[in-house]
Amino acid sequence: MPQKGEMAPDFELLNQKGEAIKLSDFRGKKVLLFAYPKAGTSGCTVQACGFRDNFAELETADAVVLGLSPDEPTALATWIDKEALQYDLLSDPNHQVLEAWEAWGEKSMYGKKYMGVIRSHWIIGEDGRVLDAQLKVSPKKSIEKALKFLARS
């Protein structure tokens, strides 16, 4: 995982429309990249809709929002329509980016261990350097911490 001050590793993934999106396409703006387990689930909806509901504040901070999950583009498109999300969601079905950013790992539910997305977010500066990283963050704390950080920067 890139540490604060390090260059964010570039990647290219498909969005909900099947279009290729590169992280480096957003140089010159801040990027709020958030990783979530699955479109349409309760915690993920809280996180995604929290960024939706605070979108004007994020735009004021000159930040682009990108969601990242293993979901296929069609599932992402359905979720965007259902929740009226105004930002791109990126599909990482082979979890290559999630692994590189250390947002893929062992989890546990009801005593069973499995591999999955570790809810996280990163704020990347205009120059492509990581400004803030929050791993294992709750949906509500992700929103609060990202807004607080962007208000200070």
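The text that follows walks through the structure, step by step, so that each part is easy to find. These figures come from a predicted structure and were not determined experimentally.

## Regarding the overall build of the chain
If you tally the helices and strands in the chain, you get five helices and nine strands. Helices (α) and strands (β) of the chain occur, in sequence order from the N terminus, as β-β-β-α-α-β-α-β-α-β-β-β-β-α. Taken against the 2.2 N^0.38 rule, which gives 15 Å for 153 residues, the C-alpha radius of gyration of the chain at 14 Å falls within 12% of a compact globule. Seen through its principal axes, the chain has C-alpha atoms that stretch 40 × 30 × 30 Å. Long-range contacts, defined as pairs at least 24 residues apart, comprise 61% of the intrachain contacts of the chain with a sequence gap of at least 6. Accessible surface, the chain: about 7700 Å² in total, of which carbon and sulfur atoms supply 50%. Counting 20 positive and 22 negative side-chain charges, the chain places the centres of these two groups 7 Å from one another.

## Quick notes on the packing of aromatic side chains
In total, this model carries seven aromatic pairs according to the counting rule given. Where Phe34 meets Phe51, the ring centres are 5.0 Å apart and the plane angle is 45 degrees; that geometry is what we call tilted. Here Phe34 is found in strand 3 (residues 30-35), whereas its partner Phe51 is found in helix 1 (residues 42-53), with 17 residues between them in sequence. An identical accessibility class is assigned to Phe34 and Phe51; each is buried.

Definitions and cut-offs
Residues numbered from 1 in each chain as written. Predicted model: local features only at pLDDT ≥ 70, side-chain atom pairs only at ≥ 80, totals over all residues. Heavy atoms only, no water. Helix = DSSP H or I, 4+ residues; strand = E, 2+ residues; numbered from the N terminus. Rg over C-alpha atoms; globule rule 2.2 N^0.38 Å. Contact = heavy atoms within 4.5 Å. Areas by Shrake-Rupley, 256 points an atom, 1.4 Å probe, with all protein chains shown as cover. Lys, Arg positive; Asp, Glu negative; His and termini not counted. Charge placed at Lys NZ, Arg CZ, Asp CG, Glu CD. Phe/Tyr/Trp six-rings, centres within 6.5 Å; stacked < 30°, edge-to-face > 60°. Buried < 20%, exposed > 50% of the residue type's maximum accessible area, 1.4 Å probe, protein only.

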